[in-house]
Amino acid sequence: MFEKSTWIRLPRNVVVGHGVRESVVEVLDDLHMQGRPLLVTSPTPRAVAADPIAADLEDRGVDPAIVTVETATFDAVETVIATAEAEEANYLVGVGGGKAIDIAKMASERLEMGFLSVPTAASHDGIVSNRGSVPDGNTRHSVAAEPPLAVVADTEILAEAPWELTTAGCADIISNYTAVMDWRLAKRLKDVEYSEYAAALSEMTAEILVDNADLIRPGLEESAWIVTKALMSSGVAMSIAGSSRPASGAEHLFSHQLDRLEPGTALHGHQVGVGSIMTAYLHGGERGFWQDIRTALSSIDAPTTAAELGIDDETVLKALTTCHEIRDRYTILGDGMNERAAREVATKTGVIE
Ligand SMILES: NC(=O)C1=CN([C@@H]2O[C@H](COP(=O)(O)OP(=O)(O)OC[C@H]3O[C@@H](n4cnc5c(N)ncnc54)[C@H](O)[C@@H]3O)[C@@H](O)[C@H]2O)C=CC1
Ligand SMILES: O=C(CO)COP(=O)(O)O
Ligand SMILES: [Zn+2]
């Protein structure tokens, strides 16, 4: 008997382009969303986009509340939930980088409220995904969360954000290559749930981004357009899979461990990019593939070494040898690397000296 079923939750409206920040009110009307929004943001994105959006809403007779969060923690999710209840909000609008959007989507899931995603940086592929990523002690959760009903991605805002945020987004996409390699390996060895459509979409997204690397340059609004479309496509792959597997393998475990060992030092996307060079090397397979990843990263100005991340060699080795413990996700790291093997991969790929 056939017993499979699936439920893929995707945004209904995706609005991308120059100046679309001003369309938030139209998007809300189109979705028939009524009542009071709570804007969930962090300090810089508040000034860049949340305050102007609040002013637009006020001009149209909507009375928004705003809450500012700093870190992607379960405590921050609780703060947003308490604020939404105190302010009698009817839906949430996440305005900011990956952390603010993750918090908004997780709070929306708990509150059973709709949510709009308004990225202010093309720095991560959580813009449309139905997952939130939260560090918690020795582990890192990938939490099921409310996907946005709509995304409003203003390329003018995204292009004006610091360039390294955009290169971080590119690296988050380039890391899809190794995430999918890990996923296929786990399918073969552990028979984990796997979607060929999600894997193919994730790989194709990385391929299109790399093919367009020449167009990804600071100050070019078209770059924000190309990168944002890739980030959304990658997020859709996660939503199709119902997990972050298409976009998160061992290179993400490495990055999550760096977040524990060296919090706040380097951007998520930059860390996963460097991790991806090393896990591509471990996969071996196609000769020279890890060099292709490194070349793709340097072509868009993303870091390829520990020094460029601002992280010392010993921390890289510690992260490599321990990151398999972060979560129960089978990858090329298997049950862990020993220090000699870690030093070899990090040295051979030029990540450490
Ligand atoms: N849920 C998911 O599927 C995914 C979640 N993530 C999560 O997202 C986070 C990484 O996202 P990031 O955006 O790198 O981190 P982030 O949200 O901390 O943003 C990085 C910095 O950029 C600043 N920023 C944002 N927009 C700006 C602008 N327009 N101008 C100036 N500064 C601006 C922020 O204030 C922050 O200081 C991690 O926690 C990661 O785990 C990443 C990928 C997928
Ligand atoms: O960053 C992600 C995809 O780019 C997803 O993060 P997780 O590794 O927490 O699932
Ligand atoms: Zn990521």
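Residues numbered from 1 in each chain as written. Chains lettered and ligands numbered in written order. Predicted model: local features only at pLDDT ≥ 70, side-chain atom pairs only at ≥ 80, totals over all residues.

### A few points about the sheet that holds strand S3 (residues 65-68)
Item 1. The sheet built from 6 strands is open, its strands ordered S1-S8-S5-S4-S2-S3 with parallel pairing. Each end of this open sheet is capped by a strand with a single partner; those strands are strand S1 (13-17) and S3. For this sheet the average axis-to-axis angle between neighbouring strands, irrespective of direction, equals 15°.
Item 2. Judged from the 5 bridges that link them, S1 and strand S8 (residues 150-154) form a sheet pairing that is parallel. Bridged to Val-14 within S8 is Val-151.
Item 3. Across the face of the sheet, helix H3 (residues 74-86) comes into contact with strand S2 (37-41), S3 and strand S4 (91-96) while running at roughly 165° to S3.
Item 4. Against the sheet, helix H9 (residues 221-241) touches S1 and S8, its axis set at about 160° to S1. (Pairing = 2+ DSSP bridges. Helix = DSSP H or I, 4+ residues; strand = E, 2+ residues; numbered from the N terminus. Axes fitted to C-alpha atoms, helices over the stretch in contact; angles between N-to-C directions. Contact = placed C-beta atoms within 7 Å.)

### Describing the nonpolar core
One broad rule of soluble globular proteins: the nonpolar side chains tend to lie buried together.
Item 1. Ranked by size, the top nonpolar core spans 115 residues in total, and within it Val-40, Val-80, Leu-92, Ile-103, Ala-107 and Ile-174 carry the most contacts.
Item 2. Among the domains, domain 1 (13-160) and domain 2 (163-348) are the pair contributing at least three residues each to this core.
Item 3. Apart from the residues lying within four places of it in its own chain, the contact partners of Val-80 are Val-40, Val-67, Val-69, Ile-103, Ala-104 and Ala-107. (Core = buried A, V, L, I, M, F, W, Y, C linked by C-beta atoms within 7 Å. Buried ≥ 20, exposed ≤ 12 C-beta atoms within 10 Å, placed from the backbone. Domains from an automatic or database assignment.)

### Some details on the site of ligand 1
Item 1. The full set close to ligand 1 counts 32 residues, and Gly-97, Gly-98, Gly-126, Ser-133 and Ala-161 are the nearest of them.
Item 2. Mapped by element, the contributors of at least two residues to the shell around ligand 1 are helix H2 (43-59), helix H4 (98-111), strand S6 (131-136), helix H6 (163-174) and helix H11 (268-283).
Item 3. Of the residues forming the shell around ligand 1, the biggest block, 4 residues, is contributed by H4.
Item 4. Looking at the shell around ligand 1 residue by residue, the class counts come to 12 nonpolar, 15 polar and 5 charged.
Item 5. For the shell around ligand 1, the two domains that each supply at least three residues are domain 1 (13-160) and domain 2 (163-348). (Near = placed C-beta within 6 Å. Nonpolar A, V, L, I, M, F, W, Y, C, P; charged D, E, K, R; others polar.)

### Points about the confidence of the model for the chain
Item 1. Put simply, the chain has an average pLDDT of 96, and 99% of its residues get 70 or more.
Item 2. Across the whole predicted complex the pTM is 0.98, and at the interface the ipTM reaches 0.99. (pLDDT = per-residue confidence, 0-100.)

### Observations regarding the UniProt feature "binding site: Zn(2+)" (unreviewed entry) in the chain
Item 1. Within this structure's numbering, the places UniProt gives as "binding site: Zn(2+)" (unreviewed entry) are Asp-172, His-252 and His-268. Over a stretch of 97 residues, the named residues converge on one spot in the fold, their C-alpha atoms separated by at most 9.1 Å.
Item 2. Along the chain, Asp-172 turns up in helix H6.
Item 3. Owing to 35 C-beta atoms within 10 Å, Asp-172 belongs among the buried residues under this scheme.
Item 4. Setting aside its immediate chain neighbours within four residues, Asp-172 contacts His-124, Asp-125, His-268, Gly-269 and Val-272.
Item 5. Of note, His-252 is situated in helix H10 (residues 250-261).
Item 6. Contact partners of His-252, with chain neighbours within four places excluded, come to Ala-179 and Val-272. (UniProt positions renumbered as here; feature names shortened; annotations may be inferred.)

### Re the site of ligand 2
Item 1. Taken together, Asp-125, Arg-131, Ser-133, Arg-140, Ser-142, Asp-172, Ser-244, Ala-247, Ser-248 and His-252 form the complete shell of residues around ligand 2.
Item 2. The set of elements that each furnish at least two residues to the shell around ligand 2 consists of S6 and strand S7 (139-144).
Item 3. For the shell around ligand 2, the residue count by class is 1 nonpolar, 5 polar and 4 charged.
Item 4. Counting only domains with at least three residues in the shell around ligand 2, you end up with domain 1 (13-160) and domain 2 (163-348).

### Regarding the domain arrangement of the chain
Item 1. Annotation of the chain at the domain level lists domain 1 (13-160) and domain 2 (163-348).
Item 2. Each of domain 1 and domain 2 has a C-alpha centre, and these two points are 25 Å apart.
Item 3. Facing 26 residues of domain 1, the contacting portion of domain 2 comprises 31 residues.
Item 4. Elements supplying a minimum of two residues to the side of domain 1 that touches domain 2: S1, S6, S7, S8 and helix H5 (155-160).
Item 5. When residues in the side of domain 1 that touches domain 2 are grouped by element, the largest group, 4 residues, is from H5.

### A look at the pairing of S7
Item 1. In terms of strand pairing, S6 meets S7 through 6 bridges, oriented antiparallel. Opposite Pro-135, over in S7, you have Arg-140 as the bridge partner.
Item 2. Linkage of S6 to S7, two consecutive antiparallel strands, is achieved through a turn of 2 residues, within which Gly-137 is found at a positive phi near 60°.

### Focus on unusual backbone geometry
Backbone geometry follows two general trends: most residues other than glycine have a negative phi, and most peptide bonds adopt the trans configuration.
Item 1. Its identity is not glycine, yet His-32 carries a phi of approximately 60°, on the positive side.
Item 2. Position of His-32 among the secondary structure elements: in the loop between helix H1 (24-30) and S2.
Item 3. Exposure remark for His-32: the 7 C-beta atoms within 10 Å place this residue in the exposed category.
Item 4. The residue Glu-112 is not glycine, and still its phi comes out positive at about 55°.
Item 5. Here Glu-112 lies in the loop between H4 and strand S5 (115-119).
Item 6. The class for Glu-112 is exposed, based on 7 C-beta atoms found within 10 Å.

### Here's the deal with the packing of H6 against H9
Item 1. Where H6 contacts H9, the axes come no closer than 10 Å and their chain directions differ by 40°. Crossing of H6 over H9 shows left-handed handedness. Contacts from Thr-166, Gly-169, Cys-170 and Ile-173 of H6 reach H9 at Ser-223, Ala-224, Val-227, Ala-230, Leu-231 and Ser-234.
Item 2. Its residues assigned to classes, the contact of H6 with H9 comprises 6 nonpolar, 4 polar and no charged. (Left-handed = near helix turned anticlockwise from the far one by under 90°.)

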